[in-house]
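Analysis of the macromolecular model
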Number of protein chains: 2
Amino acid sequence: MKEFANEEFKEKMRITFDYNYAMKEYLGSDNTVSSADIDDYTEECAQVIRDIKKEREEGKLPFMDLPYASEEVLEIKQLAKKVRYMCDDFVVLGIGGSALGMTALMQALKGPFHNAQNDDDRDAPRLYVADNIDPDFFKGILDNIDSYRTIFNVISKSGSTAETMSQFMIAQQFLKDNLGAGYKDSMIATTDAKSGILRDIVNQEELSSLIVPDGVGGRFSVLSAVGLFPAAVVGIDIDALLAGARFMDEMCQNEDVRKNPAALSALIYYLYYQKGRNINVMMPYSSALKDVADWYGQIWAESLGKRHDLEGDVVNAGQTPVKALGVTDQHSQLQLYVEGPDDKVITFIKVGEFDNEVRIPEAYSGISGIDYLGGTTLTRLINSELHATEITLMKNSKPNCTINVPAVNAFTLGQLLYMLEVQTSVMGKLMDINTYDQPGVEQGKLYTYGMMGREGFEDKNEEIESEKKRVDKFKV
Amino acid sequence: MKEFANEEFKEKMRITFDYNYAMKEYLGSDNTVSSADIDDYTEECAQVIRDIKKEREEGKLPFMDLPYASEEVLEIKQLAKKVRYMCDDFVVLGIGGSALGMTALMQALKGPFHNAQNDDDRDAPRLYVADNIDPDFFKGILDNIDSYRTIFNVISKSGSTAETMSQFMIAQQFLKDNLGAGYKDSMIATTDAKSGILRDIVNQEELSSLIVPDGVGGRFSVLSAVGLFPAAVVGIDIDALLAGARFMDEMCQNEDVRKNPAALSALIYYLYYQKGRNINVMMPYSSALKDVADWYGQIWAESLGKRHDLEGDVVNAGQTPVKALGVTDQHSQLQLYVEGPDDKVITFIKVGEFDNEVRIPEAYSGISGIDYLGGTTLTRLINSELHATEITLMKNSKPNCTINVPAVNAFTLGQLLYMLEVQTSVMGKLMDINTYDQPGVEQGKLYTYGMMGREGFEDKNEEIESEKKRVDKFKV
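Every chain's residues receive numbers from 1 upward, in the order its sequence appears when written. Working convention: letters from A go to chains and numbers from 1 go to ligands, in the order in which they are written. Residues qualify for local features only when their pLDDT is at least 70, as the model is predicted, and side-chain atom pairs are given and counted only at 80 or more; totals for whole chains, interfaces and linings, by contrast, use all residues.

Points about the sheet that holds strand 5 (residues 187-191) of chain B
All names here are of chain B. Two strands form a pair only when DSSP identifies at least two bridges running between them. Secondary structure elements follow DSSP: runs of H or I no shorter than four residues count as helices, runs of E no shorter than two count as strands, and numbering proceeds from the N terminus. If you walk across this open sheet you meet the 5 strands as 3-2-4-5-6, and the pairing is parallel. The strands lining the two open edges of the sheet, one partner per strand, are strand 3 (126-130) and strand 6 (208-211). For this sheet the average axis-to-axis angle between neighbouring strands, irrespective of direction, equals 20 degrees. Bridge count for strand 2 (residues 89-93) against strand 4 (residues 150-155) is 5 bridges, and the pairing is parallel. Directly across from Phe90, in strand 4, lies its bridge partner Ile151. Here the axes come from fitting lines to C-alpha atoms, over the contacting stretch only for helices, and the angles between their N-to-C directions go from 0 to 180 degrees.

Things to note about the domain arrangement of chain A
Residue and element names in this part refer to chain A. What the domain assignment reports for chain A is domain 1 (3-58 + 240-431) and domain 2 (63-239). By convention here, the domain bounds are inherited from an automatic or database domain assignment. Distance between the C-alpha centres of domain 1 and domain 2: 30 Å. Here contacts are defined at the residue level, using C-beta atoms placed from the backbone and a cut-off of 7 Å between them. Between domain 1 and domain 2, the contact holds 26 residues from the first and 25 residues from the second. Secondary-structure elements contributing two or more residues to the side of domain 1 that touches domain 2 are helix 11 (238-252), helix 13 (290-304) and helix 16 (410-431). For the side of domain 1 that touches domain 2, the leading source of residues is helix 13, giving 9 residues. Polarity classes work like this: nonpolar for Ala, Val, Leu, Ile, Met, Phe, Trp, Tyr, Cys and Pro, charged for Asp, Glu, Lys and Arg, and polar for all others, with Gly in that last group. Looking at the side of domain 1 that touches domain 2 residue by residue, the class counts come to 15 nonpolar, 3 polar and 8 charged.

Side note on helix 15 (residues 378-395) of chain A
All names here are of chain A. Here helix 15 contains 18 residues, and its C-alpha end-to-end distance of 25 Å stays within 8% of the 26 Å for a straight helix at 1.5 Å per residue. Here a residue counts as buried when 20 or more other C-beta atoms sit within 10 Å of its C-beta, as exposed when there are 12 or fewer, and as partly exposed otherwise, the C-beta atoms being derived from the backbone. Within helix 15, 15 of the 18 residues are buried, which leaves it mostly tucked inside the rest of the structure. Trailing helix 15 by a residue or two, Ser397 shows a phi angle of about 60 degrees, which is positive. Every helix has an expected span of 1.5 Å times one less than the residues it contains.

So, the pairing of strand 5 (residues 187-191) of chain A
A regular strand places its side chains so that they alternate between the two faces of the sheet. Residue and element names in this part refer to chain A. A large share of strand 5 lies buried, amounting to 5 of its 5 residues. In strand 5, alternate side chains face the same way, and those of Met187, Ala189 and Thr191 on one face and Ile188 and Thr190 on the other are all buried. This β-α-β element, strand 4 (residues 150-155) to helix 8 (residues 162-179) to strand 5, shows right-handed connectivity. The sheet contact formed by strand 5 and strand 6 (residues 208-211) spans 4 bridges and is parallel. Along strand 6, the bridge assignment pairs Ala189 with Ser209. Every crossover in which the path from the first strand over the helix to the second runs clockwise, viewed with the strands pointing away from the viewer, is termed right-handed.

Quick look at the sheet that holds strand 9 (residues 344-353) of chain B
Across a sheet, strands are paired by hydrogen bonds formed along the backbone, either parallel or antiparallel in direction. All names here are of chain B. Ordered in space as 1-10-9-7-8, the 5 strands form an open sheet in which the pairing is mixed. The two strands at the open ends of the sheet, each matched to only one other strand, are strand 1 (16-18) and strand 8 (320-323). Here the average twist between neighbouring strands, direction ignored, is 20 degrees. Relative to strand 10 (residues 400-407), strand 1 runs antiparallel, the two being bridged by 3 bridges. Of the residues in strand 10, the one forming a bridge with Thr16 is Asn404. On top of the sheet, helix 13 (residues 290-304) reaches strand 7 (279-284) and strand 8; it is set at about 175 degrees to strand 8, its chief contact.

Section: the environment of Asp239(A)
Here Asp239(A) is to be found in helix 11. Distance from Asp239(A) to Gly374(A), taken between C-alpha atoms, is 41 Å for residues 135 residues apart in sequence.

Remarks on the environment of Asp343(B)
Residues and elements named next belong to chain B. By the element assignment, Asp343 lies in the loop between helix 14 (334-339) and strand 9. Residue classification places Asp343 among the partly exposed positions, given that 19 C-beta atoms sit within 10 Å. Residues Asp343 and Tyr273 lie 70 residues apart in sequence; the distance between their C-alpha atoms is 8.8 Å.

Listed below in structure tokens is the structure:
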């Protein structure tokens, strides 16, 4: 896809954010956000955008510059090209931020049936993302691959992620058992440039490697080697992806909140959060974009769910992300969204043009309950249902917005992911919390170390043992 | 699996519900539920259980008797046996309650790699559940199957479900193009016994068919032909599944809430809902049980998300279900769960024994950050992480419960699904709402009819057109 350099193409593929039905002007109810509310925040938003720009210039937000790392991208593409022909199966060992981004890219741009295709029909290796340590799941992957035609990509910045490093050790043994010393050619690490356990192993065992850039947290790493390398291996056009991100970057630098999709959407969610709406639903009407909602779930939850604000006061902040899929979840969640509590703001993702337009035959023209379907298309049906859902919610005073994606391709995906990253940064600023840390997960790690018998964590194990003594009172 | 008749096996495989860390006795905080709170509801719960029993005896809750429908089950098994050898691909056309149950069964009991396996390794047909009308998704399924070796199972009680009937018409044309009149042998309908559009089509075209029992709503239909037939086709032991459901049924009839896992768990969620916790997280630590959380999401949201209570007062009730997966989402959602608002009650599902126990090799005994992993197993790691997460949340006064599933098999799955169905019924009674209807989704259907040009719904289309005239003011 080279069209992404063409201005007309870019304009046609521009993502827009429609917030009509999130506004009091349509919703009517008192507990909603008005255009005047947005005006009241215009200056604060401009300041937030300037602050982010300044932090970026100071090198504090390197994730924002990932779309411009042309040297690294060249290296990624070269290695991917080589690897692509070396394997039938490409297995990512990674979890959280080292898995969700590429899963979203894969589902969006290669579809759900890529792995199930016959070898002849498939244009790139199968991709398995081993994002859980469930033994049956991981064993299932190993049982499905041929050690001679598989490349493992182990991803961990520090090399101390218990789940990923366990998988790495198991995969290494699996390869050694079959390939002997040649196993090294089947293992590529994506890790810190200089330090950490995995970097040491790479140096010691002379493995191929790529770099997780400094200062880029896992959940903001999809446009680094973490997400780009697996994407390139399965044949995703990462140049187009990054061009889309750069295109969005321009829009997201606009200090006028009304012209900045990331800032405007963040402000809407923030104002509703202030009004007590603690749930943020993302509901793409597109199977391809299903896992974008899952990726977004991490960036939104982990970035904004914080005990303290920047002044150190206890705020227990956070808006819970919920992923849904249209039209499927109309038959599961819509009843609750329409009639339930006023605790949500809902964002749909609408795809303008699908790759296929499947016609519904005029098979039962005599039967009044279904004859209206004949002669139409699935595209018309899915987008009619989306529109019907938007209006129904609006008429019930339930705020909802829609991200319009003209078509699902690498260029629009790049825009979408980048917009949601910047949106999260803006939201963090508005909420006055640290968007980029995750202190709440440390305690659980220490307990795990204790239970796993790691040296130096005996006291944690004792703490758990003493808990065990008082449990089992409440059980049925 | 014939062991399910053996008392020792049943006891060993009994599902339990652990609510220690949901109790004030552990959590300490004021905003939590104490053992005394449960005692206060003992009589009300006993009454609810009696009321449900009475309604069941009056034939008002036929979903509760599905595990005893031996004649229907025999018919399902016979047809499944025949079909199984007739096809390599089995495609379900269904949505919502006609899709989520069997997807959960499939993921749990056949694993995520069933479809991706080579024909030689696979012991049953591939199963595709076409639960969305996304044209690229549905076309992807059709592109992946061989019309000569595929059976379609179209599921709709009324036969007027727009999504399913569109797919039916497309699939029928697809078959006719390839097989001519012989297409009829490749199509099986699961629908109302006597009336409705799909039953008329079955009669007219002499298709094979199974029955959606009267009075069983879609979301409560997994243990009818809707879920059982596809399950049987892919080789799931539906006798064991139903035996598990019957085993749970006994427990769920106990009028003592402390001894009734469905009632006790419902009461816990209810008491937390009363305290303002509007989010119900289900987080299995098992890839196999991932889609059980998705199935549960429908039954919980659609049953309990209601505008009116039984007295007709506006209550806008509902607790939003959130699905998460352990350990994966520790790296995505746990930060929010630990540090965020007190708006959740979390239920883990713990698997005692996995099918495989994958050993982690002692590969890096010199490196202190990862050496503790060597010599342990993935089962130990996943269950240590679960335990660490439970304790961390408890220490942060975040209520959490755990459903203990001794092992994932058809017998335990039957217990689990049945327990969650009855739990939902009890919760509906406690909330004083109608658990079994879904009036909120009607309005959207009418708008869709209007937009799709269905006769008699022109006014709905006009209503939408007039909406269109005032939109597009708020867009970026």
